[in-house]
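Results of the structural survey
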Amino acid sequence: MQALWMVWASFFFATMAVGIKIAATSFSLAELVFYRGLVSVVFMALVLRARGTRLATPVPMMHAWRSVIGVFSLASWFYAIAHLPLATAMTLNYMSGVWVAAFVVGGALLYGKSSRQGPLMATVLISFAGVVMMLRPTLDQNQLFAGLVGLLSGMGAAMAYMQVTALGKMGEPEGRTVFYFSLSTAVAGLAGVLWDGFTPWDKVTWQAAAWLIPIGVLASLGQWAMTRAYSRGATLLVANLQYAGIVFAAFYSLVLFGDQIPLLGWAGMALIVASGIAATVLRTRALPDTPAEEH
């Protein structure tokens, strides 16, 4: 099932987050965005050349819009991370699945097809409840603006995912979509680095430097798998399966960084997994042989 590519995407993104956590001890966020984008551009260019895929696209404006909202979402998330507790920032960003569900069901209501989407939307909301249980977000009164920015990061991510779906329907190769987003990320990161400056290499640890290339490659693989999932899978099912990323991240935190997961966190993790399984079963039973373009 094509939607299961989202599970792979979640794994790649969670592994990339481990690298970012380590590399952030030596590099600024702008530098990490730049290096991630630069490595991804080189990696994807090599892959596209090996596959014989041309960089020229018949829909440049669609790629431009996907890049703009994608970079906006990324920048908003970084701002939220800097001004909010990490759990709160992650929860607000993971509301992207809820926004996707709202966009899809809203469109279905306009066309009188909402009855098929209701159970799948319920699984998305249940998964988000599991995320809240795991992360236990908090928000003080003086953090309302940052909270709004974090909320916008989730909305921007949802809009980017919907644009990826539209690009897939136009027949755009996943690799080309990932290449142009990587290029825009590198440009945005470079703009930030030119403003703040590069970190001198004599102040960089070898552990942080060693992660720069893996971060870019993992970002490429994650973006590719995510793009394929949204391009070919059922949108609401894919939106649900993205919550697997928080489960992978929790295990990394437990095993690699010694973070403790409370009982409520384990319950939330179980809820996310159960909801993902339920969404897969619901989608398979409802439309076992329906191609992605009809969802």
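An account of the accompanying structure is given in this report.

What counts as what
- Residues numbered from 1 in each chain as written.
- Predicted model: local features only at pLDDT ≥ 70, side-chain atom pairs only at ≥ 80, totals over all residues.
- Heavy atoms only, no water.
- Salt bridge = Lys/Arg side-chain N within 4 Å of Asp/Glu carboxyl O.
- Helix = DSSP H or I, 4+ residues; strand = E, 2+ residues; numbered from the N terminus.
- Buried < 20%, exposed > 50% of the residue type's maximum accessible area, 1.4 Å probe, protein only.
- Phe/Tyr/Trp six-rings, centres within 6.5 Å; stacked < 30°, edge-to-face > 60°.
- Lys NZ or Arg CZ within 6 Å of the ring centre and 35° of its normal.
- Expected span 1.5 Å × (residues − 1).
- Contact = heavy atoms within 4.5 Å.
- 1 Å grid on protein atoms, 1.4 Å probe; cavity = no way out; pocket = protein on both sides within 12 Å on 5 of 7 lines; lining within 4 Å.
- Points joined across faces, edges and corners; volume = space filled by probe spheres on them.
- Core = buried A, V, L, I, M, F, W, Y, C linked by side-chain atoms within 4.5 Å.
- Nonpolar A, V, L, I, M, F, W, Y, C, P; charged D, E, K, R; others polar.

A full pass over the atoms with the stated rule returns 3 salt bridges. Residue Glu 174 is joined to Arg 228 by a salt bridge in which the shortest nitrogen-to-oxygen separation is 3.5 Å. Pair noted here: Glu 174 is in helix H8 (residues 174-196) and Arg 228 is in helix H10 (residues 212-232), with a separation of 54 residues, a long-range link. Look at Glu 174 and you get buried, because its relative accessible area is 8%.

With that settled, consider the packing of aromatic side chains. Under the definition given, this model contains 12 aromatic pairs. Between Phe 27 and Tyr 35, the aromatic rings sit 5.6 Å apart at their centres with planes inclined by 70 degrees, giving edge-to-face as the arrangement. For Phe 27, a relative accessible area of 4% puts it in the buried group. Relative to Trp 266, the ring of Phe 251 has its centre 5.8 Å away and its plane inclined at 70 degrees; by these criteria the two rings are edge-to-face. Separated by 15 residues along the polypeptide, Phe 251 in helix H12 (residues 244-256) and Trp 266 in helix H13 (residues 263-286) bring together distant segments of the chain. The exposure class of Trp 266 is partly exposed, given its relative accessible area of 34%. An aromatic cluster is built from Phe 27, Phe 34, Tyr 35, Phe 198 and Trp 201, whose rings are joined through pairwise contacts. Here Arg 66 stacks its cationic end above the ring of Phe 181, 4.0 Å away from the centre of that ring.

Turning to helix H1 (residues 5-23), a few remarks are in order. In this model H1 runs 27 Å from its N-terminal to its C-terminal C-alpha over 19 residues, within 8% of the 27 Å that 1.5 Å per residue would give. Turning to H1, its buried residues are Met 6, Ala 9, Ser 10, Phe 12, Ala 14, Thr 15, Met 16, Val 18, Gly 19 and Ala 23. Buried-residue contacts for H1 involve helix H2 (29-51), helix H9 (206-210), H10, helix H11 (235-241) and H12.

One simple way to see leftover space: roll a probe sized like a water molecule over the atoms. Space inside the largest pocket adds up to approximately 1500 Å³. As for the largest pocket, its lining consists of 47 residues, and the residues nearest its centre are Ala 17, Trp 77, Met 90, Tyr 94 and Ala 249. The element contributing the most residues to the lining of the largest pocket is H1, with 9 residues.

Below, the discussion takes up the nonpolar core. Within the largest apolar cluster, 39 residues are counted, with the highest numbers of intra-cluster contacts made by Met 6, Val 100, Val 131, Tyr 230, Tyr 243, Ile 246 and Ile 272. Contributing elements (two or more residues each) for this core: H1, helix H5 (96-110), helix H6 (118-135), helix H7 (144-169), H10, H11, H12 and H13. Those residues in contact with Val 100 that sit more than four places away from it in its chain are Ala 158, Tyr 161, Met 162, Tyr 230, Thr 235, Leu 236 and Ala 239. With 15 residues, the next largest nonpolar core counts Phe 12, Met 16, Val 193 and Ala 208 among its residues.

This paragraph deals with empty space enclosed by the protein. Counted according to the given criterion, the structure contains 2 cavities of 30 Å³ or more. In this structure, the largest cavity occupies an estimated 40 Å³ of space. As for the largest cavity, its lining consists of Arg 36, Gly 37, Ser 40, Phe 181, Ser 182, Thr 185, Ala 219, Ser 220 and Gln 223. Listing elements by their share of the lining of the largest cavity, those giving two or more residues are H2, H8 and H10. Counted by class, the lining of the largest cavity contains 2 nonpolar, 6 polar and 1 charged residues.

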